[in-house]
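Coordinate inspection notes
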Amino acid sequence: MSHRDPRYDILFEEVQIGPITAPNRFFSVPHATGHNPLMPNGSIGMREMKAEGGWGVVCMQLAEIDPTSDISNLPMEKFWDDTDIKSHALLVERIKRHGALTAIELAHTGIRARNMDTGTPVLGPSSMRILKPQNPIQSKAMDKQDIKAFRESHKRAVHRAKQAGYDMVYVYAAHDAALVWHFLNPMYNHRTDEYGGSFENRLRLLREVLEDTMEVAAGDVAVAVRIPAHDFKSGSPLTYDNEARAVIESLAELPDLWDVNVAGWPRDSGTSRFDNEGHQEKYTSYVKQVTTKPVVGVGRYASADAMASLVKKGVFDLIGASRPSIADPFLPKKIKEGRIDDIRECIGCNVCVASDAYSVPLMCTQNPTISQEWRRGWHPENIPAAPKKESTLIIGSGPAGLECALTLAKAGHQATVAEREPEFGGRVLKESALRGLAAWGRVKDYRLYQLRQMGNVSLYAESEIAAADVAGFGADNVVVATGSIWRDDGAGATTFKAIEGFAGNALTPDDVMAGAEISGPVVIYDDDHYYMGNVLAGHLAAKGHEVHLVCPLPSIAEWMGYTLESPRVLDDMVELGVHMHPNTTVSRWNGSALEVARADTGQELPQIAGAHLIAVGARLPQDDLLSKLREDPALADCVSGIGDCLAPGIIQAAVFSGHAEARRLIGDVPESGIYKRETPVLFDR
Ligand code: ADP
Ligand code: SF4
């Protein structure tokens, strides 16, 4: 085993946090897991894997302290009463087995709650519409009894956390989603009593709750506060150079740990397209100067050098991570063992965040095993040895093919990858060359690096495989991973058939990525609604083209609401002068202009002229080879398809498909055939 670089020793120092001692500086901060409270086994499996991977502190996701904080339909923890203690106690025990500490983020989400499940009024500092404008819900201004009840409820939750065995409890004040934060912000707090008006008055509730928590913690458990050190919301005084700093200065020595980030969540979880590693530092680094208590902060840190330097420079005491700990639960162990190149770095795509919005167990582009620890028994590092050392030919080296090859090679198969192009990587190779998507190249870089270290892998570039070539490989299994190409005929998410004048005339994203010559104004018809349309718009606008982005839905890039990128995309498009045409359907491309109409009323709109049309809609699976091989009786049983050549989708889906197929080939399939399910308890009445 290689040894760790002494430069990183500092990351393995213990850190005192009030009454507890973190075994190292790796801190997996609270993050949504997509596991609702009825899925404790899955949630425990995910957290335990991080503890096994060396994270010194592993935090639970946001836990509602009582029914008045019902963040309806988002899969957060419910820590409402004593019945919730049992599953948390099991989680704590499982994390501690690995020598890690664990913490629970106790939260009342104030005017970010919806209370549609409980049917009680949403509580806030003032009577106002809640922070989800789409919901016709208004909050009740909390009276003194409500405030007292909230404080008592928070204290009871701290008691329960102690009973469950947690090492640390959080007072949650982050993401523009916490009641105590809502009291702090004069945009939401319009009170005229001692809880409103002056800064000291607005701070009162946070101070009281923190004091209550310290009192109940009584030195048995540590107390952390999670709070933005800067608020990006326009008009908010809670900025790093104003009241956010004043809050932390005022309460500086009160908690045992400051966990700081920025608000709101879209800025906290910035994607690599808009925010670099360490993007929060400018707004959070002052915190250590105003408190002697340990500080943890985040910034999508995945590089050991950056982490060590943060500690050396005195920016943070503990390196906080959610996404890097999802992409690689074994990141700390790999640094410890001197295996830096084995780290599966987060690409900053926020597909994990999208899972939360969908209320499905967390998915990750880089780590297909996340959420599958319990339900499928998948470990991110240990692939079971294949019962028989077989040989597998993988055709295509996109994310699906590379992941399949790597998983099979780890299991002991002889893996051969054949790729038509001179370079490996498929779509991620091409897409990572587009403006803002460079980090996506890590999907191929990580896998190719691993594959190149292995003796049982052969990688062949410039090797197009035809059906007739396959038998010559004599492989036991053939996995077809030939991907998909973009359609040029206009068919997409809302228009399912070809649009007149598109086929043969429109360019596709594949053409642009292959370097198609483009001069003059460009019209992009985006009926895909994810990143490709607006990435191309930005890519071409940045090169000086006049760009029109036409989209049939009411707003552009609707799916990017799930990845929290919508506001940033809009900002980018406006900044680059891209002309946006939402709510616009297309009847025809006439050779020099798009003939368009309002999507909702059908009313004709002025034509949109351009020298080029780019169609971003549906894709065509490249499944000819797969079909031919399946038709060959000698091969049919040993041929399978994975990734986009079966069903074009997001990169995460291709990686998952490649991984799942490799597990199937080595016989690592759960008894149930799909996965273990969490079963509800049934009552007679
Ligand atoms: P996925 O997302 O499913 O992994 P990609 O489109 O990223 O799919 O990758 C598919 C890869 O397969 C591309 O790099 C493409 O060049 C390659 N490919 C397609 N057909 C063949 C073939 N017949 N032989 C070898 N490689 C192929
Ligand atoms: Fe990182 Fe993307 Fe995985 Fe989230 S889904 S952890 S952003 S690689």
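Residues numbered from 1 in each chain as written. Chains lettered and ligands numbered in written order. Predicted model: local features only at pLDDT ≥ 70, side-chain atom pairs only at ≥ 80, totals over all residues. Heavy atoms only, no water.

Quick word on the site of ligand 2
Around ligand 2 sit 13 residues in total, of which Cys-346, Cys-349, Asn-350, Cys-352 and Cys-364 are the nearest. Each residue belonging to the shell around ligand 2 can be placed in one class, and the counts come to eight nonpolar, four polar and one charged. (Near = heavy atom within 4 Å. Nonpolar A, V, L, I, M, F, W, Y, C, P; charged D, E, K, R; others polar.)

Digging into the sheet that holds strand E22 (residues 584-589)
Judged by pairing direction, the sheet is antiparallel, and its three strands sit side by side in the order E22-E23-E24 without closing on themselves. The open sheet terminates on both sides in strands that have one partner only, identified here as E22 and strand E24 (604-609). Each strand axis lies, on average, 30 degrees off the axis of its neighbour in the sheet, ignoring direction. Of the pairings in the sheet, the one linking strand E23 (residues 593-598) to E24 comprises four bridges and is antiparallel in character. The residue bridging Ala-593 from the neighbouring strand is Ala-609, located in E24. (Pairing = 2+ DSSP bridges. Helix = DSSP H or I, 4+ residues; strand = E, 2+ residues; numbered from the N terminus. Axes fitted to C-alpha atoms, helices over the stretch in contact; angles between N-to-C directions.)

Considerations on the nonpolar core
By size, the foremost hydrophobic cluster in this structure holds 86 residues, and its most contacted members are Leu-11 and Ile-227. For this core, the element with the highest residue contribution is helix H5 (residues 199-217), accounting for eight residues. Leaving out residues up to four positions away in the same chain, Ile-227 has contacts with Ala-173, Ala-174, Trp-181, Leu-184, Leu-206, Val-247, Ile-248, Trp-258, Asp-259, Val-260 and Asn-261. Residues Leu-536, Val-547, Ile-556 and Ile-651 belong to the second largest nonpolar core, which totals 38 residues. (Core = buried A, V, L, I, M, F, W, Y, C linked by side-chain atoms within 4.5 Å. Buried < 20%, exposed > 50% of the residue type's maximum accessible area, 1.4 Å probe, protein only. Contact = heavy atoms within 4.5 Å.)

Digging into the layout of surface pockets
Approximately 880 Å³ is the volume attributed to the second largest pocket. If you trace the second largest pocket, you find 39 residues lining it, with Glu-419, Arg-420, Thr-482, Gly-483 and Gln-622 closest to the centre. For the lining of the second largest pocket, the element with the most residues is helix H15 (residues 426-431), which contributes five residues. The two domains that each donate at least three residues to the lining of the second largest pocket are domain 2 (391-483 + 622-665) and domain 3 (486-620). (1 Å grid on protein atoms, 1.4 Å probe; cavity = no way out; pocket = protein on both sides within 12 Å on 5 of 7 lines; lining within 4 Å. Points joined across faces, edges and corners; volume = space filled by probe spheres on them. Domains from an automatic or database assignment.)

Some thoughts on the sheet that holds strand E19 (residues 522-526)
Strand order in the open sheet formed by four strands is E21-E20-E19-E25, with parallel pairing between adjacent strands. The open sheet terminates on both sides in strands that have one partner only, identified here as strand E21 (579-581) and strand E25 (612-616). Between one strand axis and the next, the sheet turns by 20 degrees as a mean value, whatever way the strands run. With five bridges joining them, E19 and E25 adopt parallel strand pairing.

Description of the site of ligand 1
Contacts to ligand 1 come from 23 residues, most closely from Ala-400, Glu-419, Arg-427, Ile-465 and Asp-644. In this structure, an oxygen atom belonging to ligand 1 sits 3.2 Å away from a main-chain N or O atom of Pro-399. One of the backbone nitrogen or oxygen atoms of Arg-427 is found 2.8 Å away from an oxygen atom of ligand 1. Look at ligand 1: alone it shows 580 Å² of surface, and the protein chains cover 93% of it. (Polar contact = N/O pair within 3.5 Å; in protein donor to acceptor, adjacent residues only side chain to side chain. Areas by Shrake-Rupley, 256 points an atom, 1.4 Å probe, with all protein chains shown as cover.)

With respect to the pairing of E19
Judged by how many residues are buried, E19 sits mostly within the fold: five of five residues are covered. Both faces of E19 are covered, namely the face carrying Val-522, Ile-524 and Asp-526 and the face carrying Val-523 and Tyr-525. For E19 and strand E20 (residues 547-550), the ladder comprises four bridges, and the chain directions are parallel. Residue pairing across strands places Val-523 opposite His-548, the latter belonging to E20. Considered for its hand, the β-α-β crossover made up of E19, helix H19 (residues 531-542) and E20 is right-handed. (Right-handed = clockwise from strand over helix to strand, strands pointing away.)

Considerations on H5
For H5, built from 19 residues, the straight-helix expectation of 27 Å at 1.5 Å per residue is met to within 8% by its first-to-last C-alpha distance of 27 Å. Backbone geometry just downstream of H5 places Ala-218 in the positive-phi region, at approximately 50 degrees. (Expected span 1.5 Å × (residues − 1).)

Description of the domain arrangement of the chain
Domains assigned within the chain are domain 1 (6-357), domain 2 (391-483 + 622-665) and domain 3 (486-620). Spacing between the C-alpha centres of domain 1 and domain 3 amounts to 39 Å. Every contact between the two is made by 14 residues of domain 1 and, on the other side, 14 residues of domain 3. Of the roughly 1100 Å² buried between domain 1 and domain 3, counting both surfaces, carbon and sulfur atoms make up 60%. (Buried area = accessible area lost by both parts, 1.4 Å probe.)

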